[in-house]
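Geometric and topological summary
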Amino acid sequence: MVYPQLAAAAAAVFLGVPLTSIKNSLEAIDEFDHQMQILPGVHGAIIINDTSSMTLSGLEGALDALDQVTARKRVLVTTGLGEHQDSMKIHQKIARKIFKQNLDYCFFLGREGKMISEELLNLGFAAEKIEDDLSTVQISNKLIKQLGRGDVVLVKGVDQNVGEIVGKLVKE
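Values in this document were obtained by computation on a predicted structure and should not be read as measured data. (Residues numbered from 1 in each chain as written. Predicted model: local features only at pLDDT ≥ 70, side-chain atom pairs only at ≥ 80, totals over all residues. Heavy atoms only, no water.)

Our focus in this paragraph is the nonpolar core. Counting 21 residues, the largest nonpolar core has L76, I98, F108 and L120 as the members making the most contacts within it. Contacts of F108, omitting those with residues within four sequence positions, involve L76, T78, I98, G113, K114, I116, S117, L120, I130, E131 and D132. Membership of the second largest hydrophobic core comes to 18 residues, among which are F107, I139, V155 and L169. (Core = buried A, V, L, I, M, F, W, Y, C linked by side-chain atoms within 4.5 Å. Buried < 20%, exposed > 50% of the residue type's maximum accessible area, 1.4 Å probe, protein only. Contact = heavy atoms within 4.5 Å.)

Judged by pairing direction, the sheet is mixed, and its six strands sit side by side in the order β1-β2-β6-β3-β4-β5 without closing on themselves. In this open sheet, the two edge strands, each paired with only one partner strand, are β1 (37-40) and β5 (130-131). By the bridge criterion, four bridges tie β1 to strand β2 (residues 46-50) in an arrangement that is antiparallel. Paired with L39 across the bridge in β2 is I47. Packed on one face of the sheet, helix α3 (residues 56-68) meets β2, β3 (74-78) and β6 (152-156) and runs near 180° to β6. (Pairing = 2+ DSSP bridges. Helix = DSSP H or I, 4+ residues; strand = E, 2+ residues; numbered from the N terminus. Axes fitted to C-alpha atoms, helices over the stretch in contact; angles between N-to-C directions.)

In total, this model carries one aromatic pair according to the counting rule given. The ring of F125 has K129 sitting right over it, with the charged end atom 5.0 Å from the ring centre. (Phe/Tyr/Trp six-rings, centres within 6.5 Å; stacked < 30°, edge-to-face > 60°. Lys NZ or Arg CZ within 6 Å of the ring centre and 35° of its normal.)

The share of residues in the protein with pLDDT of 70 or more is 88%, and the mean pLDDT across the chain is 84. When the elements of the protein are averaged for pLDDT, helix α1 (residues 3-14) gives the smallest value, 71, and β5 the largest, 95. (pLDDT = per-residue confidence, 0-100.)

It is worth spelling out the side chain of K129 at this point. Inspection of the secondary structure puts K129 in the loop between α5 (110-123) and β5. Among buried charged residues, K129 stands out as having no salt bridge; its nearest opposite-charge side chain is D104, 5.2 Å away. Once residues lying within four places of it in the same chain are set aside, the contact partners of K129 are N102, L103, D104, Y105 and C106. (Lys, Arg positive; Asp, Glu negative; His and termini not counted. Salt bridge = Lys/Arg side-chain N within 4 Å of Asp/Glu carboxyl O.)

When two helices pack together, their arrangement is given by the angle between the helix axes and by the axis-to-axis distance. Where α3 contacts helix α4 (residues 87-101), the axes come no closer than 10 Å and their chain directions differ by 5°. One finds that α3 runs roughly parallel with respect to α4. Contacts between α3 and α4 involve L56, L59, E60, L63, D64 and D67 from the first element and I90, K93, I94, K97, I98 and Q101 from the second. Each residue belonging to the contact of α3 with α4 can be placed in one class, and the counts come to six nonpolar, one polar and five charged. (Parallel < 35°, antiparallel > 145°, perpendicular 65-115°, else oblique. Nonpolar A, V, L, I, M, F, W, Y, C, P; charged D, E, K, R; others polar.)

Most of β6 sits inside the fold, with five of its five residues counted as buried. Residues V152, L154 and K156 line one face of β6 and the alternating positions V153 and V155 line the opposite face, and both faces are buried. Judged from the five bridges that link them, β2 and β6 form a sheet pairing that is parallel. Paired with I47 across the strands is V153, a residue of β6. Direction of pairing for β3 relative to β6: parallel, over a ladder of five bridges. Residue pairing for β6: R74 is matched across the bridge by V152.

When we look at burial in helix α6 (residues 136-146), the residues that qualify are T136, I139, S140 and L143. Take α6 and look down its axis: the buried residues cluster within an arc of 95°, on one side only. Close packing links the buried residues of α6 with β3, β4 (105-108) and α7 (160-169). (Arc of directions from axis to C-beta.)

Of note, K23 is situated in helix α2 (residues 19-28). Among the residues examined, K23 registers a relative accessible area of 46% and is labelled partly exposed. For K23 and A9, which are 14 residues apart along the polypeptide, the C-alpha to C-alpha distance reads 8.4 Å.

Dropping the structure here:
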């Protein structure tokens, strides 16, 4: 959100802080780190690092953004939303959204990710486009071998595992 920054800037102006100091301070904030952060990936791929939070609306928005991207391959790596009272229904809803977008590959981590992959298979999503039993190292290695120029990978989730995957996929 930009609102906290706007409020801070307004307060600073009111207190007489020079505009250049306000500008420099606002530029130093990296609050948006890991929020739909576009990064250069291995072999010319693009990595979308969205690992700062994991909500249903955030995942849906990230999937909508990925759906708008023109890419050679569109890939999703996610953990699912975690335990909720209605976990099965929520993860089935996510699966239906992914199914409609016809992604090229999906990598799921954890129990909640498995719920999504099972529902995708029930919907008729191609089994060869789903991986739900690989470790983070295996996912990273597989993607490094498969990715090329024009591919886009959305990494969505908040646990350390997805962060490690981003770290391995980003071009050094």
